[in-house]
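# Structural description and commentary
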Amino acid sequence: MSLSIHTKDLKRFLGEIIDGWPTYGPTEDKTAVNSRYKFAKLDKAKDYVLRYGPTVIPPKKYLFPAREDVFRFEKGEILPPTNREFIVFGVNKRDGEGLFCLDQIYAKPTPDSHYTERRANMHLVIVDSLPPSNNIDCDLYLQIADKDHLEAYTYSEFGEKLVRGNKLFGHQAEVGTISLRHMPDDVLYHPRLASIIEKSRNHSVWDKLTETCFACGVCSYVCPLCYCYEENDKVKITADVAGDMAGSRERRWDSCMLPDFAAVSFDNARSKVKDRIYNWYFHKFVRMPREFGFPGCVDCGRCIAFCPAKINYRDVLKELIADDKRK
Amino acid sequence: MTSANNNIYQIEVVKVSGLNPLTKSLRFKFASVKQGKAFAFIPGQFIMLGVLGYGEAALTITTTPEELPEFEVAVRSIGNATKAMHRLKAGDKAYFRGAFGNSTISRKIFGQELLLIAGGIGLAPLRSIIHAVRDDKTIVGKLALIYGAKTPEELIYKGELGAWSKFAEVVLTVDKADREWTGKIGRVSDALKKTKVDKDAVAVVCGPPVMYPAIAEILIEKGLAEENIEFMLERRMKCGIGKCQHCTCGEKYVCLDGPTFTWKDIKDNWEAML
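Fair warning: this is a prediction, and the values are worked out from it, not measured in the lab.

### Overview of the domain arrangement of chain B
All names here are of chain B. Domain annotation of chain B identifies domain 1 (4–100) and domain 2 (104–232). Measuring from the centre of the C-alpha atoms in domain 1 to the corresponding centre in domain 2 gives 24 Å. Each partner contributes residues to the interface: domain 1 has 15 residues there, and domain 2 has 17 residues. Of all elements in the fold, only β1 (9–20) and β5 (70–76) reach the threshold of two or more residues within the side of domain 1 that touches domain 2. The residue inventory of the side of domain 1 that touches domain 2, partitioned by class, reads 6 nonpolar, 7 polar and 2 charged.

Have a look at this one:
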């Protein structure tokens, strides 16, 4: 028999967490334009929403922020950043899968120490009605069992500590059976998707996309699995510029959709929008499956919801798959 | 700060010398003896050299590992970081991460001919290999270098070319000669056509990528195997460890799988050739 918590006690539990650590989670703002949901700092448990729709920015921002200092420098000295413990609470399973994939990406083949140090300081609590599975890495998983209960699964000492001995958690009798949303995805997990895309370089779909795509890069920013970045030195303007410069190395999100992404001194490897669009798909559905064993997509739908040109990547994949069948 | 990408080596400029009007050679030493001892590389590998406040650039080390704890790089003044490197004087501080990438020399080419083909400042990444052969002639059967530039003024390491011809066959060519020029006139590919190359030779080519397909064709005609023809690629690079995505060429990363690629590996790659 596992431990569970009453739905009405969830916010009390969250309150305890907020008292102990800086806590981030899904919140709601009914006046917001693009999405009423967003991940933000939770100062009070009542700010938290149990079920959220797609947020514009996925929780990847807590591990890989849009802008961050990799190190600071002053008087020729390089100063590493300081990390502190924090909790991300209430991420749904799909966003949890996104974070799990990001962990694999930043660990392979050479770990990015900046990411791994931050990850070591993050604790994750997932809340979802689906049962946990092995493609997530969290401290505590709360499964919404029925309208009154959430069942607790712990995956780390930290998660264990949150739950064991906590009076809000108790042993419950049999919880109702859960109906699983079973979605066989014959698009994203089409067995030959990688080779179909690899061979599709001259397909007309890329020309069609070139006519609608703004190449704005939003699909990269909102994607839980887009992880490319740009790094530049940022310098503080002070009176003493000539002597000892102070500033930081700033890492910020980049997008392979932007014109200068692959530019070098003598040329630009992807000056054409068509090549950049093809590369986006090639990376997510050819290079990533071969490099990491999973596609660069958890099907969260953010790139579809927030694309100003209303491009749906699933339609693109379906067209390529259908044309491949016809051959 | 211990794992690969953030392992920062602090260095200091020892000497700066001009190579051609736009290119300088910078010689560095390590700021700490401990770091100098910890660093190792193979000729052909590159580092991310940086000047605080100006960013980093990917540069191949142009000296051999035997010369450590000092090493050199060749820098052409093009962007923000490389312009800052050009302003460095002896005693100035810089830093680097690395070494990254693969190298031809990591597989010894016993008995075979090693043919190096360079265009413009493409000679710089090959210099480490040339000096490695100079120091240990047993690593190749024979060394040949075909080196071309637009004008004699643009040739780099001019003072060393004479010494190299003592242990290697050196062919020099320029597109446009001046009055003093006594070498060949024409493109690198023209000089290559007229050069005798062993069928089992290994060729390493570094220069403007526009010349690569033509050179591959000539070498294949001369009987070289596709896996023995290697090209060095250059891409925008930020991390050096396969994360930032700027250097990808189809399925390959220039920072991890390169910068040296065999023609066999890249001839069908949709974006390796610019």
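### Concerning the sheet that holds strand β9 (residues 149–154) of chain A
Sheets are built from strands paired through backbone hydrogen bonds, the pairs being either parallel or antiparallel. Residues and elements named next belong to chain A. Within the open sheet, the 8 strands sit side by side as β3-β2-β6-β7-β8-β9-β1-β10. Their pairing is mixed. Each having just a single partner strand, β3 (37–41) and β10 (169–171) make up the two edges of the open sheet. Between one strand axis and the next, the sheet turns by 30 degrees as a mean value, whatever way the strands run. Inspection of the sheet shows strand β1 (residues 3–6) paired to β10 by 3 bridges, in the antiparallel sense. Bridge pairing in β10 links Ser4 to Gly170. Those strands touched by helix α1 (residues 10–20) are β1, β2 (23–28), β6 (86–91) and β9, and its axis lies near 160 degrees from that of β6.

### Points about the nonpolar core
With 162 residues, the main nonpolar core has Leu116(B), Ile117(B) and Ala203(B) as its most contacted residues. Beyond its immediate sequence surroundings of up to four residues, Ile117(B) is in contact with Ile146(B), Val188(B), Leu192(B), Ala203(B), Val205(B) and Ile215(B).

### Comments concerning the interface of chain B and chain A
Facing 30 residues of chain B, the contacting portion of chain A comprises 35 residues. Of the residues in the side of chain B that touches chain A, the class split is 12 nonpolar, 10 polar and 8 charged.

### A word on helix α3 (residues 113–120) of chain A
Residues and elements named next belong to chain A. Buried within α3 are the following residues: His114, Tyr115, Arg118 and Arg119. Buried positions in α3, seen along its axis, are confined to an arc of 130 degrees and lie on one side of it. Residues of α3 that are buried in the fold lie against β4 (67–74), α2 (93–107) and β7 (122–128).

### Points about unusual backbone geometry
With an omega of -15 degrees, the peptide bond running from Lys108(A) to Pro109(A) counts as cis. If you trace the backbone, Pro109(A) turns up in the loop between α2 and α3. With an omega dihedral of 0 degrees, the bond running from Gly98(B) to Ala99(B) counts as a cis peptide bond. Located in the positive-phi region is Ala215(A), a residue other than glycine, with phi close to 50 degrees. Examined against the element boundaries, Ala215(A) turns out to sit in the loop between α6 (204–212) and α7 (218–221). Within the chain, Gln245(B) stands out as a residue other than glycine whose phi angle is a positive 75 degrees. Judged by local crowding, Gln245(B) falls into the buried class, with 24 C-beta atoms found within 10 Å.

### Considering the domain arrangement of chain A
All names here are of chain A. Its domain assignment divides chain A into domain 1 (3–171) and domain 2 (193–217 + 255–326). Domain 1 and domain 2 are separated by 30 Å when their C-alpha centres are compared. Tallying the contact residues gives 12 residues for domain 1 and 8 residues for domain 2. Tallied by class, the residues present in the side of domain 1 that touches domain 2 amount to 5 nonpolar, 3 polar and 4 charged.

### Topic: the confidence of the model for chain B
For chain B, the mean per-residue pLDDT works out to 91, and 96% of the residues sit at or above 70. ipTM for the predicted complex: 0.88, alongside a pTM of 0.91.

Thresholds, definitions, all that
- Residues numbered from 1 in each chain as written.
- Chains lettered and ligands numbered in written order.
- Predicted model: local features only at pLDDT ≥ 70, side-chain atom pairs only at ≥ 80, totals over all residues.
- Domains from an automatic or database assignment.
- Contact = placed C-beta atoms within 7 Å.
- Helix = DSSP H or I, 4+ residues; strand = E, 2+ residues; numbered from the N terminus.
- Nonpolar A, V, L, I, M, F, W, Y, C, P; charged D, E, K, R; others polar.
- Pairing = 2+ DSSP bridges.
- Axes fitted to C-alpha atoms, helices over the stretch in contact; angles between N-to-C directions.
- Core = buried A, V, L, I, M, F, W, Y, C linked by C-beta atoms within 7 Å.
- Buried ≥ 20, exposed ≤ 12 C-beta atoms within 10 Å, placed from the backbone.
- Arc of directions from axis to C-beta.
- pLDDT = per-residue confidence, 0-100.

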